[in-house]
Amino acid sequence: CIILLGGCASEPNQEVNIIPQPQQVTVADGGFYLSPKTVINVVKGADDLQPACTFMSTLVEKSFGKALAVENGETKKNAINIFVDPSMKADAYDLTVEKNAVNIKGGSSKAVFYAMQSLRQMMPVGVEKGEKMDRIRIQNVKILDEPRLGYRGTMLDVCRHFFTVDEVKTFIDMLALHKLSVFHWHLTDDQGWRIEIKKYPELTQIGSQRKQTVIGKNTGKYDGTPYGPYFFTQEEIKEVIQYAADRYITIIPEIELPGHALAALATYPELGCTGGPYEVCQMWGVFPEVFCPGNEKTFEFWEGVLDEVAELFPGEIIHIGGDEAGKGAWKTCPKCQGLMRRNGMKDVDELQSYMIHRAEEFLISKGRKLIGWDEILEGGLAPEATVMSWRGEEGGIKSARMGHDVVMTPGGYMYFDFYQADPKTQPYAIGGYTPIKRAYSYNPVPVDSLTAEESKHILGVQANTWTEYIKDEQ
Ligand code: ACM
Ligand code: ZN
């Protein structure tokens, strides 16, 4: 290495910048030159390793004009040698870049995939853009890394504004790049029902479109432009599930009940306390129209929907919403009041709890677990429910103390629809302020409030991308 003017001519890049920051990074002199002749060499594989190999082999395809060959064999030179080593922790990896080879050891195929994302982040950005290259220099380095918590999620709301299959895939690509493990797909809300349910085809005929959309923040002015019909067919959903699985990402689908239900009620008004008429909502907010638990048909409908959802999505957890249900309608509805009297319920919180309990019983009968926003604590938590704490951490702390699993997603840190820089410099947003520094600083385990035992219930952390003010990818 010849030192020139304080720099090193043959060492153009000694820095290794990876997000999230790995546990241990040791930079060494020199670099590995990845070329079209480099092979991906599986020394010790696993059943589900193929998507990781395909990812790596095709990452450089545009730059090199060919994909890298994938082989099996003993450790060799000019190769990315891969070892799946089940004696390591499942999500942990050991990535070594040396002059002659790259060696990846991972506790699972998923961990190998994470090592590949680190490798990817060390490549020049031109690779992402498919710029033509003869070779790609990667800094020599040793990285030992593992995630602190297993659940690392991001939610996308496709109801307020719709995003196509390709756009959802792009979103999933971003999760993969950052080694996130869960995609929470918010599929139903007041402003649109976005998932095909074969038993209830009207949902995606009537519930998937609104007459127009409010301009700005509920200004009273509307754009006069019909929005929809927009929804995902079950075939499209299967395609997205496979796409996520190929990136070692689990999808949690969300079907909102008992509130945020106007798209469903506009379709089936008999399922609301007043019987309607209802309209798919044209503005933003929290609305008093909710499902009527006094009508047994409501539960029949939920079960019909959740049955198909459980059939489609292979992940263990299903989200039933539960947030921001206006409970006022239940106080004056004769059917709801009758149900409360018959069951000795003292308030509408207990009525909401009764509904969530029934949803949970159904999901358990399908071998699934229920997750809901922290309002599901009100009136008593369903026995095995997991809680998504969004109104601060209080709901999460309370749930963990009760022995329930928790995902932390407090608004003050984890709402990615908030402003991320000085609002004067930003596109119009819902409000708030969560710049990257604040989001990145968040510690999802409230060590001052929970014992070590209780802390084990914090499954992890999630960011939420609500889309009232996010109209498109741009
Ligand atoms: C929520 O932000 N309503 C969960
Ligand atoms: Zn009712």
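These numbers were taken from a predicted model, which means no experiment stands behind them.

Quick look at the pattern of salt bridges
Right, so step 1: Throughout the structure, instances matching the rule amount to 22 salt bridges.
Right, so step 2: Residue aspartate 189 is joined to arginine 160 by a salt bridge in which the shortest nitrogen-to-oxygen separation is 3.3 Å. You can see aspartate 189 sitting in strand E12 (residues 188-189) and its partner arginine 160 sitting in the loop between strand E10 (151-157) and helix H5 (165-177), a full 29 residues away along the chain.
Right, so step 3: Classification of arginine 160 as buried rests on a relative accessible area of 3%.
Right, so step 4: Lysine 424 serves as the salt-bridge partner of aspartate 422, at 3.6 Å between the closest nitrogen and oxygen.
Right, so step 5: Counted as one network, the salt bridges with shared partners bring together Lys327, Asp349, Asp374, Glu378 and Arg391.

Description of the pairing of strand E17 (residues 386-389)
Right, so step 1: Residues Thr386 and Met388 point to one face of E17 and Val387 and Ser389 to the other, with burial holding for every one of them.
Right, so step 2: In terms of strand pairing, strand E16 (residues 369-373) meets E17 through three bridges, oriented parallel. From the neighbouring strand, tryptophan 373 faces E17, where its bridge partner is methionine 388.
Right, so step 3: The pairing of E17 with strand E18 (residues 406-408) spans three bridges and is classified as parallel. By the bridge assignment for E18, valine 387 is matched with valine 406.
Right, so step 4: Once the chain exits E17 it traverses helix H13 (residues 394-401) before rejoining the sheet at E18, and the crossover so formed is right-handed.

What to know about the packing of helix H11 (residues 334-342) against helix H12 (residues 348-365)
Right, so step 1: For the pair H11 and H12, the least separation of the axes is 11 Å and the interaxial angle reads 85 degrees. With respect to H12, the element H11 is oriented roughly perpendicular. Listed contacts from H12 to Cys336, Leu339 and Met340 of H11 are Val348, Leu351 and Tyr354.
Right, so step 2: Residue composition of the contact of H11 with H12, grouped by class: six nonpolar, no polar and no charged.

Focus on the side chain of serine 208
Right, so step 1: Here serine 208 shows up in the loop between helix H6 (202-205) and helix H7 (234-245).
Right, so step 2: Here serine 208 falls in the buried class, since its relative accessible area comes to 0%.
Right, so step 3: Ignoring any residue separated from it by four or fewer positions in sequence, one finds serine 208 in contact with Trp193, Arg194, Leu203, Tyr227, Gly228, Pro229, Tyr230 and Phe231.

Some thoughts on the sheet that holds strand E19 (residues 458-465)
Right, so step 1: Taking strand neighbours around the barrel as the criterion, the eight strands line up as E10-E11-E14-E15-E16-E17-E18-E19 in a closed arrangement whose pairing is parallel. On average, each strand axis in the sheet is inclined to that of its neighbour by 30 degrees, with strand direction left out of account.
Right, so step 2: Here three bridges tie strand E15 (residues 317-321) to E16, and the two strands are oriented parallel to one another. The partner of histidine 319 across the bridge, within E16, is isoleucine 371.

A closer look at the coordination of the zinc ion (ligand 2)
Right, so step 1: Only Cys273 (SG), Cys292 (SG), Cys333 (SG) and Cys336 (SG) from the protein coordinate the zinc ion (ligand 2), and they sit 2.3 to 2.4 Å from it.
Right, so step 2: Every donor counted, the four donor atoms about the zinc ion (ligand 2) form angles of 107 to 112 degrees at the centre, which fits tetrahedral coordination.
Right, so step 3: Between the donor residues of the zinc ion (ligand 2), the gaps in sequence give the motif C-x18-C-x40-C-x2-C. Pair noted here: cysteine 273 is in the loop between helix H8 (262-267) and helix H9 (296-312) and cysteine 292 is in the loop between H8 and H9, with a separation of 19 residues, a long-range link.
Right, so step 4: By relative accessible area, cysteine 273 is classed as buried at 13%.

Notes on the pairing of E19
A regular strand carries its side chains on alternate faces of the sheet.
Right, so step 1: Counted residue by residue, E19 has six buried out of eight residues, so it is predominantly covered.
Right, so step 2: Examined bridge by bridge, E10 and E19 share six bridges and lie parallel to one another. Residue pairing across strands places glycine 153 opposite glutamine 462, the latter belonging to E19.
Right, so step 3: The pairing of E18 with E19 spans three bridges and is classified as parallel. Bridge pairing in E19 links valine 406 to isoleucine 458.

A few points about the nonpolar core
Right, so step 1: Counting 117 residues, the largest nonpolar core has Leu119, Trp185 and Phe301 as its most contacted members.
Right, so step 2: Leave out the neighbours within four places in its chain, and tryptophan 185 touches Leu156, Val158, Val168, Phe232, Ile237, Val240, Ile251, Ile252, Pro253, Glu254 and Phe313.
Right, so step 3: Counting residues in hydrophobic clusters, the runner-up holds 13 residues, among them Ile252, Ile317, Ile371 and Met388.

Conventions and cut-offs
Residues numbered from 1 in each chain as written. Chains lettered and ligands numbered in written order. Predicted model: local features only at pLDDT ≥ 70, side-chain atom pairs only at ≥ 80, totals over all residues. Heavy atoms only, no water. Salt bridge = Lys/Arg side-chain N within 4 Å of Asp/Glu carboxyl O. Helix = DSSP H or I, 4+ residues; strand = E, 2+ residues; numbered from the N terminus. Buried < 20%, exposed > 50% of the residue type's maximum accessible area, 1.4 Å probe, protein only. Pairing = 2+ DSSP bridges. Right-handed = clockwise from strand over helix to strand, strands pointing away. Axes fitted to C-alpha atoms, helices over the stretch in contact; angles between N-to-C directions. Parallel < 35°, antiparallel > 145°, perpendicular 65-115°, else oblique. Contact = heavy atoms within 4.5 Å. Nonpolar A, V, L, I, M, F, W, Y, C, P; charged D, E, K, R; others polar. Donors = N, O, S within 2.8 Å, 3.2 Å for Na, K, Ca; no water. Tetrahedral: all angles 85-135°; square planar, octahedral: opposite > 155°, others 65-115°. Core = buried A, V, L, I, M, F, W, Y, C linked by side-chain atoms within 4.5 Å.

None of the figures reported here should be taken as evidence of function without further support.
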